[in-house]
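Residues per chain are reported as follows:
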Protein chains: 2
Amino acid sequence: MAPAAPPDPIAELLTTYNELNSSSIDELLEVPSPLEFMRYVARNRPFVVRGGASDWKATRTWDLASLKERMGGMGVNVAVTPKGNADAPVESDNGELLFVKPWEEEQEFGEFVDFLVEQESMGKRDGEEVRYAQTQNDNLRNEYSELFADVAPSIPFARIALTKPPEAINLWIGNSHSVTALHKDNYENIYVQIIGQKHFVLLPPLAYACVNEKKLSPASYVRDDRELVVKKEEGDKVPFAVWDPDSGEGGTKYSSLGKPMRVSLGKGDMLYLPALWYHKVSQSCEDGICCAVNYWHDMEFGGSFYPLCGFARNVALDAPKN
Amino acid sequence: MAPAAPPDPIAELLTTYNELNSSSIDELLEVPSPLEFMRYVARNRPFVVRGGASDWKATRTWDLASLKERMGGMGVNVAVTPKGNADAPVESDNGELLFVKPWEEEQEFGEFVDFLVEQESMGKRDGEEVRYAQTQNDNLRNEYSELFADVAPSIPFARIALTKPPEAINLWIGNSHSVTALHKDNYENIYVQIIGQKHFVLLPPLAYACVNEKKLSPASYVRDDRELVVKKEEGDKVPFAVWDPDSGEGGTKYSSLGKPMRVSLGKGDMLYLPALWYHKVSQSCEDGICCAVNYWHDMEFGGSFYPLCGFARNVALDAPKN
């Protein structure tokens, strides 16, 4: 005799998760020990440490003037987009949803941040581009190595618990016009706010059926004279979440069962963003800029978690969306 | 455009797990620190510590004579079955598969172990019953409290990592005629061998589709004069795995993708059996008995792991079995 199956395993998964887990983030008052951290890793649950990096030299001393003084004259990689939408789904002229990467170019650091500050104070003019230093290629130990001594060389509790140093340490500088679309990374991520604020909308990896992942053709913005135009590219399609947890657009019949967790980071706050969590990130400025650093650690692929997440994703891809 | 779904998410789940994880158990040479233990908990992966409890007084001093001397005259709960099959699926006379609990009765300890020893040396006679002290109700701190001082009052690395003392500490005494059928528990389990050997066949929780869980009507063996007869009971059906990973009987089309992990424990060996892992357990004797102790700790229901396991189970229940 076959046992009775529940009506919809996906709905039950989301409901069970919501019953067993809060949609408010845990707030710690000091950095955790490696063991305390490992308990969060085991549950794949985020936390924020208020003021966890307040004593870093970066947090205490970085501002517009000091950054310009130290980085002035150097060339940095800048992502340029028409609407602050680097690495995001964009509808093409013929109505196809594409995954569009930003136009990247080198700019002199002082000129780059002056542009951010002026745009932040004057407002974005019609047709004006948005700029964001957001290379995720260990840039703080390379392009911005001048600044690296002012942040922790690693996050000790994470390095010890995960038994490995950070794979990449990235610096992010932008203004409030840039928004990072909902996406996930295969990394255990420690995010530290230095100047301004970041606003995260978070969803656990098992919310695949909510985020409505679609396979999109790759494309890039290309600077054509002064205008940025979308250019479709050859190559494999990119699976990407198209649900916007703020506007509700692009969702599925399951999206209402996703309970986004929202957290804002201020100066010196430290966020543990667990591997595979979906995150959408917007920002507010102080002195016209927003600056943060994050530490990526390779996630654990052994054990049950990664295969189970892939399973939930595959079942969600198969399921009717409406 | 809907993305292409893989042909069978369940098969992909099992295959991915096998690719990323060994089917050999990790062997540690000393007990782990709480942090090292927590890394195993996070991955939901078992390990064995060879000789991890060799210095326990129980391991050094317990034998047939000393146990009889200390427990002699006391009444203990004994599970009685015709074939050593306590808590196992049994086909009834009319062909229905039932979940059959053992007949339980109190026996004088000396008489109980003498029976085990004689049966072990003479062989089980036709129609002879099998006896097993296997109450999992914290019996070592109650029924067998006389012996409790000889084992560790807790497993420090587990107590510290999991932030709680053991929920139950259980003593098991039987002979080689008892086999515990494949099942799972909602506990983080530390198992310590004292006398003889235990032979475990282990499967991770995501192998639901392999173990062929069915909902069986509950029943019990009842002693009727000298014979043990199966008596069906009222009450909710019991979901129970019917696949035998040794004989291969009772499987599904997915069972061949389950890669059982096998490990034997000798005197003083310590096994971490992670929460929700399926385990089938058989045993070998020393001096005619097999004796072990286990420590159950409540598992973590928060985070992603427990909901994802429930999801894999629900999808497996829905899937065609052949």
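Up top is the structure these notes are about.
Since the structure is predicted, the reported quantities are computational estimates derived from the model, not experimental observations.

Peer 1: Teacher, can you tell me more about the overall build of chain A here?
Peer 2: Broken down by element type, chain A carries 9 helices and 18 strands. For 322 residues, the compact-globule estimate of 2.2 N^0.38 gives 20 Å, and chain A sits close to it at 20 Å. Residues classed as buried in chain A amount to 56% of the 322 residues present. Across chain A, the fraction of contacts at a sequence separation of at least 24, relative to all contacts at a separation of at least 6, is 81%. In the form shown here, chain A has an accessible surface area of approximately 13100 Å², with 48% of it arising from carbon and sulfur atoms. Across chain A, the mean location of the 32 positive side-chain charges is 4 Å away from that of the 48 negative side-chain charges.

Peer 1: Would you take a moment to explain the sheet that holds strand E7 (residues 130-132) of chain B for this structure?
Peer 2: Within a sheet, adjacent strands bond to each other through the backbone by hydrogen bonds, running parallel or antiparallel. Residue and element names in this part refer to chain B. Reading across from one edge, E6-E3-E7 is the order of the 3 strands in this open sheet, with antiparallel pairing throughout. One side of each edge strand has no neighbouring strand; the edge strands of this open sheet are strand E6 (103-108) and E7. On average, each strand axis in the sheet is inclined to that of its neighbour by 40 degrees, with strand direction left out of account. Packing of helix H5 (residues 109-122) onto the sheet brings it into contact with strand E3 (75-81), E6 and E7, and relative to E6 it is tilted by some 110 degrees.

Peer 1: I would appreciate a short explanation of the sheet that holds strand E9 (residues 180-183) of chain A in the present structure.
Peer 2: All names here are of chain A. Reading across from one edge, E9-E17-E11-E15 is the order of the 4 strands in this open sheet, with antiparallel pairing throughout. Whereas interior strands pair on both sides, the edge strands pair on one side only; in this sheet they are E9 and strand E15 (261-265). Averaged over all adjacent pairs, the angle separating strand axes in this sheet is 20 degrees, with direction ignored. Across 2 bridges, the pairing between E9 and strand E17 (residues 278-284) is antiparallel. Counted as the bridge partner of His183 is His279 from E17.

Peer 1: Before we go on, may I ask you to explain the relation of the copies chain B and chain A in this structure?
Peer 2: Each of the two chain copies can be generated from the other by rotation about an axis followed by a shift along it. For the pair chain B and chain A, the relating rotation is 180 degrees, the translation along its axis is 0.0 Å, and the fit reaches an RMSD of 0.0 Å. Expressed as a symmetry operation, the mapping of one chain copy onto the other fits a two-fold axis. When C-alpha distances to the rotation axis are compared across chain B, the minimum falls at Ala42 of chain B, with a value of 2.0 Å.

Peer 1: Even after reading the chapter, I still don't get the environment of Gln197 of chain B, so can you show me in this structure?
Peer 2: Residues and elements named next belong to chain B. With respect to the element layout, Gln197 can be found in strand E11 (residues 197-203). Exposure remark for Gln197: the relative accessible area of 34% places this residue in the partly exposed category. Sequence separation between Gln197 and Ile289 is 92 residues; the distance between their C-alpha atoms is 9.5 Å. Every residue in contact with Gln197, bar those within four places of it in the chain, is listed here: Leu265, Gly266, Ser282, Gln283, Ser284 and Cys290.

Peer 1: How should the pairing of strand E4 (residues 88-91) of chain B be read in this particular structure?
Peer 2: Regular strands place their side chains on alternate faces of the sheet. All names here are of chain B. Only one face of E4 is covered, namely the one carrying Ala88 and Val90; the face carrying Pro89 and Glu91 has none of its residues buried. In the sheet, E4 pairs with strand E5 (residues 97-101) via 4 bridges, with the strands oriented antiparallel. Pairing of Ala88 across the sheet is with Val100, part of E5. The turn linking E4 back onto E5 is made up of 5 residues, and Gly95 within it adopts a positive phi angle of 90 degrees.

Peer 1: How should the interface of chain B and chain A be read in this particular structure?
Peer 2: Bring the parts together and some accessible area is lost; that lost area is often taken as the interface size. Listed per partner, the contact involves 44 residues of chain B and 44 residues of chain A. Joining chain B to chain A, the criterion identifies 0 salt bridges. The tally of links from chain B across to chain A stands at 10 residue pairs in polar contact (both at pLDDT 80 or more). Those elements that place two or more of their residues in the side of chain B that touches chain A are helix H1 (9-20), helix H2 (34-43), helix H7 (156-162), strand E12 (213-224) and helix H9 (305-318) of chain B. The element contributing the most residues to the side of chain B that touches chain A is H9 of chain B, with 11 residues.

Peer 1: What exactly am I supposed to notice about the packing of helix H9 (residues 305-318) of chain A against H1 of chain B here?
Peer 2: Packed helix pairs are characterised by how far apart their axes lie and by the angle those axes make with each other. With their axes 9 Å apart at the nearest point, H9 of chain A and H1 of chain B run at an angle of 160 degrees to one another. In terms of axis orientation, H9 of chain A runs roughly antiparallel to H1 of chain B. Crossing of H9 of chain A against H1 of chain B: the hand is right-handed. For the pair H9 of chain A and H1 of chain B, the contacting residues are Tyr306, Pro307, Leu308, Phe311, Asn314, Val315 and Asp318 of chain A in the first and Pro9, Ile10, Glu12, Leu13, Thr16, Tyr17 and Leu20 of chain B in the second. Residue classes in the contact of H9 of chain A with H1 of chain B are distributed as 10 nonpolar, 2 polar and 2 charged.

Peer 1: Whenever I open this one, the nonpolar core confuses me. Can you help?
Peer 2: Generally speaking, nonpolar side chains in soluble globular proteins are found buried as a group. Counting 105 residues, the largest nonpolar core has Trp62 of chain A together with Trp62 of chain B as its most contacted members. For Trp62 of chain A, the residues in contact, after removing those within four places along its chain, are Lys57, Leu67, Arg70, Leu147, Asp150, Val151, Leu171, Ile194, Ile195, Cys291 and Val293 of chain A. Ala207, Leu273 and Trp277 of chain A together with Val315 of chain B belong to the second largest nonpolar core, which has 85 residues in total.

Peer 1: What should I look at first to understand the pattern of salt bridges in this one?
Peer 2: Think of it this way: side chains of opposite charge can pair up when their charged atoms draw near. Residue and element names in this part refer to chain B. Summed over the entire model, instances satisfying the criterion amount to 36 salt bridges over all chains. The partner of Lys68 in a salt bridge is Asp114, and the shortest N-O contact between them spans 2.6 Å. In this pair, Lys68 is assigned in helix H4 (residues 64-71) and Asp114 in helix H5, connecting sequence segments 46 residues apart. Taking relative accessible area as the criterion, Lys68 reaches 29% and is therefore assigned partly exposed. On the basis of relative accessibility, which here comes to 35%, the residue Asp114 falls in the partly exposed class. Of the charged contacts in the structure, one is a salt bridge between Asp246 and Arg262, with a shortest N-O distance of 2.7 Å. Within this pair, whereas Asp246 is found in the loop between strand E14 (238-241) and strand E15 (261-265), its partner Arg262 is found in strand E15, the two being separated by 16 residues in sequence.

Peer 1: Help me understand the packing of aromatic side chains, please; the structure alone is not making it clear to me.
Peer 2: Aromatic rings considered in pairs are described by the distance between their centres and by the relative angle of their planes. All told, the structure shown has 33 aromatic pairs over all chains when counted by the stated rule. Where Phe37 of chain B meets Phe47 of chain B, the ring centres are 6.2 Å apart and the plane angle is 85 degrees; that geometry is what we call edge-to-face. With Phe37 of chain B in helix H2 and Phe47 of chain B in strand E2 (residues 47-49), the pair connects residues that are 10 residues apart, well separated along the chain. Across this residue pair, the class does not change: Phe37 of chain B and Phe47 of chain B are buried. For the pair Tyr191 of chain B and Phe200 of chain B, a centre-to-centre distance of 5.0 Å together with 80 degrees between the ring planes defines the contact as edge-to-face. Take Tyr191 of chain B and Phe200 of chain B: they sit in the same class, and that class is buried. Taken together through their ring pairs, the aromatic side chains of Phe37, Tyr40, Phe47, Phe157 and Tyr272 of chain A make up a single cluster.

Peer 1: Sorry if this is basic, but what is going on with the side chain of Asn44 of chain A here?
Peer 2: By the secondary structure assignment, Asn44 of chain A is in the loop between helix H2 (34-43) and strand E2 (47-49). A polar contact of 3.1 Å, which involves the side chain of Asn44 of chain A, links it to the backbone oxygen of Ala275 of chain A.

About the criteria used
- For every chain, the first residue of the written sequence is number 1, and numbering continues from 1 onward in sequence order.
- Going through the entries in the order they are written, you letter the chains from A and number the ligands from 1.
- Confidence filtering applies because this is a predicted model: local features only for residues at pLDDT of at least 70, side-chain atom pairs given and counted only at 80 or more, and all residues used for totals across whole chains, interfaces and linings.
- The basis for every side-chain value is the complete set of non-hydrogen atoms in the structure, without hydrogens or water.
- Helix and strand assignments follow DSSP, with helices taken as H or I runs no shorter than four residues and strands as E runs no shorter than two, numbered in order from the N terminus.
- Only the C-alpha atoms count toward the radius of gyration. The rule for a globule is 2.2 Å times the residue count to the power 0.38.
- Any residue under 20% of the maximum accessible area for its type is buried, any over 50% is exposed, and the rest in between are partly exposed; the area is computed with a 1.4 Å probe on protein chains only.
- Two residues form a contact once any of their heavy atoms are found within 4.5 Å.
- All accessibility values rest on the Shrake-Rupley procedure with a 1.4 Å probe; residue burial counts only the protein chains present in the view.
- Asp and Glu count as negative and Lys and Arg as positive, but His and the ends of the chain are not part of the count.
- Just so you know, the charge point we use is NZ for Lys, CZ for Arg, CG for Asp and CD for Glu.
- By the convention used here, strands pair only if DSSP detects at least 2 bridges between them.
- Axis lines are fitted through C-alpha atoms, for helices just across the contact stretch, and the angle between N-to-C directions can take any value from 0 to 180 degrees.
- Only residues with pLDDT of at least 70 in both copies count here: their C-alpha atoms drive the least-squares fit that superposes the copies.
- Any Lys or Arg side-chain nitrogen located within 4 Å of an Asp or Glu carboxyl oxygen qualifies as a salt bridge.
- Think of a polar contact as two N or O atoms within 3.5 Å of one another; within protein, one of them needs to be a possible hydrogen donor and the other a possible acceptor, and neighboring residues in sequence only count if both atoms come from side chains.
- Any angle between 65 and 115 degrees counts as roughly perpendicular, while under 35 counts as roughly parallel, over 145 as roughly antiparallel, and the rest as oblique.
- Definitions for this section: a left-handed crossing has its near helix turned counterclockwise from the far helix by less than a right angle. A right-handed crossing has that turn clockwise.
- Residue type decides the class: Asp, Glu, Lys and Arg count as charged, Ala, Val, Leu, Ile, Met, Phe, Trp, Tyr, Cys and Pro as nonpolar, and the leftover types, Gly among them, as polar.
- What is meant by a nonpolar core is a set of buried Ala, Val, Leu, Ile, Met, Phe, Trp, Tyr and Cys residues, joined one to another through side-chain atoms within 4.5 Å.
- In this scheme Phe, Tyr and Trp rings, the latter by its six-membered ring, pair at centre separations within 6.5 Å, and the angle between planes marks the pair as stacked below 30 degrees, edge-to-face above 60, and tilted otherwise.

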